[in-house]
Amino acid sequence: MKVNDRKTEIINCAAKLFKEKGYSAVTMRDIAQAMNIKAASLYNHIKSKQEILVLIVIDIAEEFTAVMNDIVSSETSTIQKIEKVIQLHIDITLRNPEALACLNNDWMHLTDEELVYFIKMREEYEQNFREIILKGIENNEIKNLNSEVIIFSMLSTLRTLYLWYGKKKGLTETSLRNHMSEALLRGIV
């Protein structure tokens, strides 16, 4: 769906409000007030709060899915694939932490086909990551630890990066990119 500039402004504003208050607590009136326009004006661009949620969550989930599919099909080592997954999460966190918060916290408010579609993408993403880890263990590229522990540890860290990074003063993007990969891939010992 092609999104015009005003619609993009509305979506970005709503994402910030959803991150601050949660999807359920935000009304169209809240969004309009934050944009300093009348609520009725929003409806010239957006049908509903649900449409905004779909645009935010599905867009970011499709980006994760597309890049993960490229990573999985690439002819690179397991370590390089994991590094690319880490960088994907960092890139999205730095570029759009509000949308990432919405994806993580508000996806369950999607309805019908969009909810089914989102869950399918999330499951495929996790399965692709699982396959990368299992292949790395099989090829002795990474330690033979419980794959589900590795997956949980890495994905829970990466999925919540937006919560932590915004609070860290003085941490540069370069430092985050270099040290996050190093810590997740090689540990601290």
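Thresholds, definitions, all that
Residues numbered from 1 in each chain as written. Predicted model: local features only at pLDDT ≥ 70, side-chain atom pairs only at ≥ 80, totals over all residues. Heavy atoms only, no water. Helix = DSSP H or I, 4+ residues; strand = E, 2+ residues; numbered from the N terminus. Buried < 20%, exposed > 50% of the residue type's maximum accessible area, 1.4 Å probe, protein only. Contact = heavy atoms within 4.5 Å. Areas by Shrake-Rupley, 256 points an atom, 1.4 Å probe, with all protein chains shown as cover. Disulfide = S-S within 2.5 Å. Salt bridge = Lys/Arg side-chain N within 4 Å of Asp/Glu carboxyl O. Core = buried A, V, L, I, M, F, W, Y, C linked by side-chain atoms within 4.5 Å.

Colleague: A description of the overall build of the chain should follow, citing residues and the corresponding values.
Modeller: When its secondary structure is counted, the chain shows 10 helices and 0 strands. Counting from the amino terminus, the chain carries its helices and strands in the arrangement α-α-α-α-α-α-α-α-α-α. Seen along its three principal axes, the alpha-carbon backbone of the chain occupies a region of about 60 × 40 × 25 Å. With 189 residues in all, the chain has 42% of them scored as buried. Within the chain, residue pairs in contact and separated by at least 24 positions form 68% of the contacts whose partners lie at least 6 positions apart. Summing over all exposed atoms, the chain offers an accessible surface of approximately 10,800 Å²; the carbon and sulfur share of this is 52%.

Colleague: How would you explain the state of the cysteines if you had to name every residue and give the values?
Modeller: Scanning all chains against the criterion turns up 0 disulfides. Looking at the unpaired cysteine 13, the closest cysteine sulfur is the one in cysteine 102, lying at 13 Å.

Colleague: So, the pattern of salt bridges: which residues are in play, and what are the values?
Modeller: Scanning the entire structure with this criterion turns up 8 salt bridges. For glutamate 51, the salt bridge is made with lysine 7, and the minimal N-O distance between the two is 3.1 Å. Here the residue glutamate 51 occupies a position in helix H4 (residues 49–73), and lysine 7 occupies one in helix H1 (residues 5–21), the gap between them amounting to 44 residues. As far as the burial class goes, glutamate 51 and lysine 7 line up, both buried. We note a salt bridge from arginine 159 to glutamate 126, for which the minimum N-O separation is 2.7 Å. With arginine 159 in helix H8 (residues 147–159) and glutamate 126 in helix H7 (residues 112–138), this residue pair connects regions lying 33 residues apart in the sequence. A residue is classified by how much of its surface remains accessible, and arginine 159, at 24% relative accessible area, is partly exposed. A relative accessible area of 22% places glutamate 126 in the partly exposed class.

Colleague: Kindly report on the environment of glycine 136, identifying the contributing residues and their values.
Modeller: When you line up the elements, glycine 136 lands in helix H7. Taking C-alpha positions, glycine 136 is 7.7 Å from isoleucine 79, a pair spaced 57 residues apart along the chain. Filtering out sequence-adjacent residues up to four positions away, glycine 136 remains in contact with Thr78, Glu141 and Ile142.

Colleague: Tell me about the environment of glutamate 126, and name the residues and values.
Modeller: Residues glutamate 126 and methionine 68 lie 58 residues apart in sequence; the distance between their C-alpha atoms is 9.5 Å. If we skip the residues at most four places from it in the chain, glutamate 126 touches Leu155 and Arg159.

Colleague: Summarise the nonpolar core; cite the residues concerned and give the values.
Modeller: Counting 59 residues, the largest nonpolar core has Ile31 and Ile52 as the members making the most contacts within it. Residue contributions to this core peak at 12 residues, all from H4. In contact with isoleucine 52, not counting residues within four places along its chain, are Ile10, Ile11, Ala14, Phe18, Met28, Ile31 and Ile46.

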